[in-house]
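Residues per chain are reported as follows:
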Amino acid sequence: MKDIFSYLYKVYKKRQVRTDGGVTEETAVNNSWRQLPIVQSFPFWGPPFILMGFFVYAAVTWNFALSLTEFSGFGDPDYSNLGLQNYATMIQDPTFWQATWHTVILLVVFTVACLIIGLALAILLDREIRYGNTFRTIYLLPFALSFIVTAQFWRWMYNVNDGIVNQFVGLVGLGPYNWLGDPRLVLGSVIFALVWQFSGYTMIIYLAALRSIPRDQYEAARIDGANTLRMYRRVIIPQLKPAMVSASVVLMLFALKAFDFLYAVFDGYRPRQGADILATMMMREGFNNSEWAYSSTIAITLFVLSLGVIAPYLYTEYKRGNL
Amino acid sequence: MPLRRDIIKTAGATSLALALAGCAGDDGAGQEGSVEVLHGWTGGDGAEAAEAFFGGFADEFPDIDIDEQPIGGGGNQNLDQTVANRLQSNDPPGSFAGWPGANLERYDGVLGDVEEQVWDESDLASTHAEEAVEACQFNGGFAAVPIGSHRMNDLFYNVDVLDEAGVDPASITDIDALVDALEAVDSETDATPMAMSLASWAILQTWAVTMLGTQGHEAYMDFISGNGDEAAVRETFELLEEIFENYISPDATSADFTELNQNVMGGDAAFIHEGNWVAGAYINEGLEYGSDWDAIRFPGTEDMYGLHIDAFVYPADNPTPEGTAAFLRYAGSESGQIAFNQYKGSIPTRQGVATDEFNTYLTDTIEDFENASQKPPTLAHGLAVDQSTQSSLEDALNSHFADPFDVDAVTEEFMDIV
């Protein structure tokens, strides 16, 4: 501790001396860059910066470079002749547009449904119902399971002949439906399963936010004559906005890369017609067809979409001074 | 007492030294290690066949150690991906199981040549069927050795269900007779007439055999060589549409063929068209060939043998060239082919192999193989077209012909792709 203080004092003295101009130029140059806060803090930001820079940003840049080549099959990519031909092919590829459309539907419907159901569950649990903690665990449990496991569950439950979902709708005289086979139903079925798995997560985020709202506000709203609906709509839910924003960013980013669930449900890179998303198309082009450059092109598209999701969030956080 | 910093430094230096030593270790070894072989036979008859095959090798070559790596799942998808990753990162195994023929094109640049060491030394070219020899040739040499062949133009059926429906299988000699038989099963029994999975590779396989049966061998060969007749392609799709619309089960789009084959075994479905690996399931289940289940040729392909070949492929920069060559010579030998095929439910591509170890069904198939007038290469299993073409055809089927069925769109795409 003593050492630190004496060191800080020395730094302080040197700075004072420098402002007086009483130090030789050589020492000033020698010391000045070492004294810069950015240099002094290097041990703290340096390692993560280098690791992230190498493993994330350099990888993204390399991926972009790959997407400009014509790399396919085995061997090494040829970087001497770069061009946007893969992007041109992609724009004309109907499979790409179909996958993009499905990705967008998945993203929007999944996120909105998770937010609404999560909010409803959180409000119910926040009302101090009996066995609230047990219910909370039950609702959160699906989120703790791996997608490979839940995908297998849903495959069984969606089975046309003896799946429980068809047994259930059969009780009211409907069906049987081919949930995972009918192109009109398949995306909805996948979204439903994902919402089941993720609404527990949104519930926990909302619940934490709800618990941080002082009880006085509920009472004040009551005393002012607000009914329950009005109280939540006007007083409580507006205060959940930050929780909603961060939860929706996480959900949307997940939706963009919802690969593992589809892979497990359809047992491969080619989902049923109607459920192909960009992530599965990217894997198929890369690892099925060895079209590495084209696969990288789709990856860059996904990356841009992710940026589209996260950039507004980062911007508002920056504006608020949270970054 | 050492400072914490010193301890950390020492630990860091030690682990770095160990890591460097680990890297150097590979190059330091002067002798060949064990021969690594990747394959996808992890369950049922495949696992049994692999056990007999690798066990046989260990008996014959006790000095060569085989590092067998079974990678199952996803209908060889996981295996193919592992192989691709290994080859991509210049870390090839000794050998891996894969389809020869046009499928080898995807490995262009990373395959080695075993013509001298394996084919010439064991005289495989004169002992194996000419189609298998041709399929293993690559870039002027040999990049693979065939291990066995499944028949791709069988139509299997449950004998009891056909009896109940009053259908005589011998009468099914053209596609109209097949449709009549399906209709009879549909009206006379509770069974599903045709067990059919609408997985894209299964549709592609069924399309190919229907084209062979209705349009003939020449039309099929023209199609796979890129000179397809649009009318022939369309008519094949129209026939399939009729069958798929009326005679397959409602879970066809989501069930895989093993589940559907269970229905044939249990008497809940009458016919199934698949590669003859389904017969392995019947035999494992203890069902009797001829009295419980039987097979006819898909109508119209009676004098053909739908050709499929499994092979062991030889990557370039082989880590164990000597050991792998010995292994491949064994794969092409009579003992290797018998050990593998009798359990796998496939037949040897080697000619004149003693058939005493094979069951009646396979003995019949071996005989048919030798007598077939034509052996059209399979479209859905890598022999006829390269991987990217096959994948595009499957994409087209998945988008336009996997319920609902759009004959115009899928015909147009098929004509464009090949």
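Note that the structure is predicted; figures quoted are calculated from it, not measured. By convention here, each chain's residues receive numbers from 1 onward along its written sequence. Following the order in which they are written, the chains are lettered starting with A and the ligands numbered starting with 1. Only residues with pLDDT of 70 or above have their local features reported here, since the model is predicted, and side-chain atom pairs are shown and tallied only from 80 upward, although totals for entire chains, interfaces and linings are computed over all residues.

Of the regular secondary structure elements, chain A holds 16 helices and zero strands. The C-alpha radius of gyration of chain A comes to 27 Å, more than 25% above the 20 Å expected for a compact globule of 323 residues. The principal-axis extents of the C-alpha atoms in chain A amount to approximately 95 × 70 × 30 Å. By the burial criterion, 32% of the 323 residues in chain A qualify as buried. Secondary structure follows DSSP: runs of H or I at least 4 residues long count as helices, runs of E at least 2 residues long count as strands, and numbering of each begins at the N terminus. Only C-alpha atoms enter the radius of gyration; for comparison, a globular chain is expected to reach 2.2 Å times N to the power 0.38, where N is the number of residues. Burial is judged by counting other C-beta atoms within 10 Å of a residue's own C-beta: 20 or more means buried, 12 or fewer means exposed, and anything between counts as partly exposed, with every C-beta placed from the backbone.

Bringing the domain arrangement of chain B into the picture now. Interfaces are often sized by the amount of accessible area the parts lose when they come together. Residue and element names in this part refer to chain B. By the assigned domains, chain B splits into domain 1 (35–150 + 308–371) and domain 2 (154–305 + 378–417). Two residues qualify as a contact pair if the distance between their C-beta atoms, derived from the backbone, is within 7 Å. Residue-level contacts link 19 residues of domain 1 with 17 residues of domain 2. Breaking the side of domain 1 that touches domain 2 down by element, the ones donating at least two residues are α2 (44–60) and α16 (360–371). Residue contributions to the side of domain 1 that touches domain 2 peak at five residues, all from α16. Following the grouping adopted for this structure description, the nonpolar residues are Ala, Val, Leu, Ile, Met, Phe, Trp, Tyr, Cys and Pro, the charged ones are Asp, Glu, Lys and Arg, and the polar ones are all others, Gly among them. Taken together, the residues of the side of domain 1 that touches domain 2 sort by class into six nonpolar, nine polar and four charged. As annotated, the domain borders come from an automatic or database domain assignment.

The next subject is the sheet that holds strand β3 (residues 95–98) of chain B. All names here are of chain B. Pairing between two strands is assigned when DSSP locates at least 2 bridges connecting them. Across the sheet, five strands lie side by side as β2-β1-β3-β11-β6; this open sheet has mixed pairing. A single partner strand is all that each edge strand has here, and the edge strands are β2 (66–70) and β6 (144–148). The mean inter-strand angle of the sheet, taken between neighbouring strand axes irrespective of direction, is 25°. Angles shown run from 0 to 180 degrees and are taken between the N-to-C directions of axes, each axis being a line fitted to C-alpha atoms and, for helices, limited to the stretch in contact.

Okay, the environment of T253(B) next. By secondary structure assignment, the location of T253(B) is in the loop between α11 (230–247) and α12 (257–266). For the pair T253(B) and S200(B), spaced 53 residues apart in sequence, the C-alpha to C-alpha distance is 9.4 Å. Beyond its immediate chain neighbours, meaning those up to four positions away, T253(B) contacts N178(A), G181(A), R272(A), L198(B), A402(B) and D403(B).

All names here are of chain B. One finds A144, V145 and F156 to be the most contacted residues of the largest nonpolar core, which totals 125 residues. Residue contributions to this core peak at nine residues, all from helix α9 (residues 200–215). Here this core spans two domains, since at least three of its residues come from each of domain 1 (35–150 + 308–371) and domain 2 (154–305 + 378–417). Those residues in contact with V145 that sit more than four places away from it in its chain are V118, L124, C136, A311, F312, L328, A331 and G332. For our purposes the nonpolar core covers buried Ala, Val, Leu, Ile, Met, Phe, Trp, Tyr and Cys residues that link as a set through C-beta atoms within 7 Å.

All names here are of chain B. Look at the link from D403 to P404: it is a cis peptide, with omega at 5°. You can see P404 is positioned in the loop between α17 (387–400) and α18 (407–417). In this structure, D317 is a non-glycine residue whose phi angle is positive, near 50°. With respect to the helices, strands and loops of the structure, D317 is situated in the loop between β11 (310–313) and α14 (321–332).

Listed as interface residues are 19 residues of chain A and, on the opposing side, 24 residues of chain B. Split by residue class, the side of chain A that touches chain B holds five nonpolar, eleven polar and three charged.

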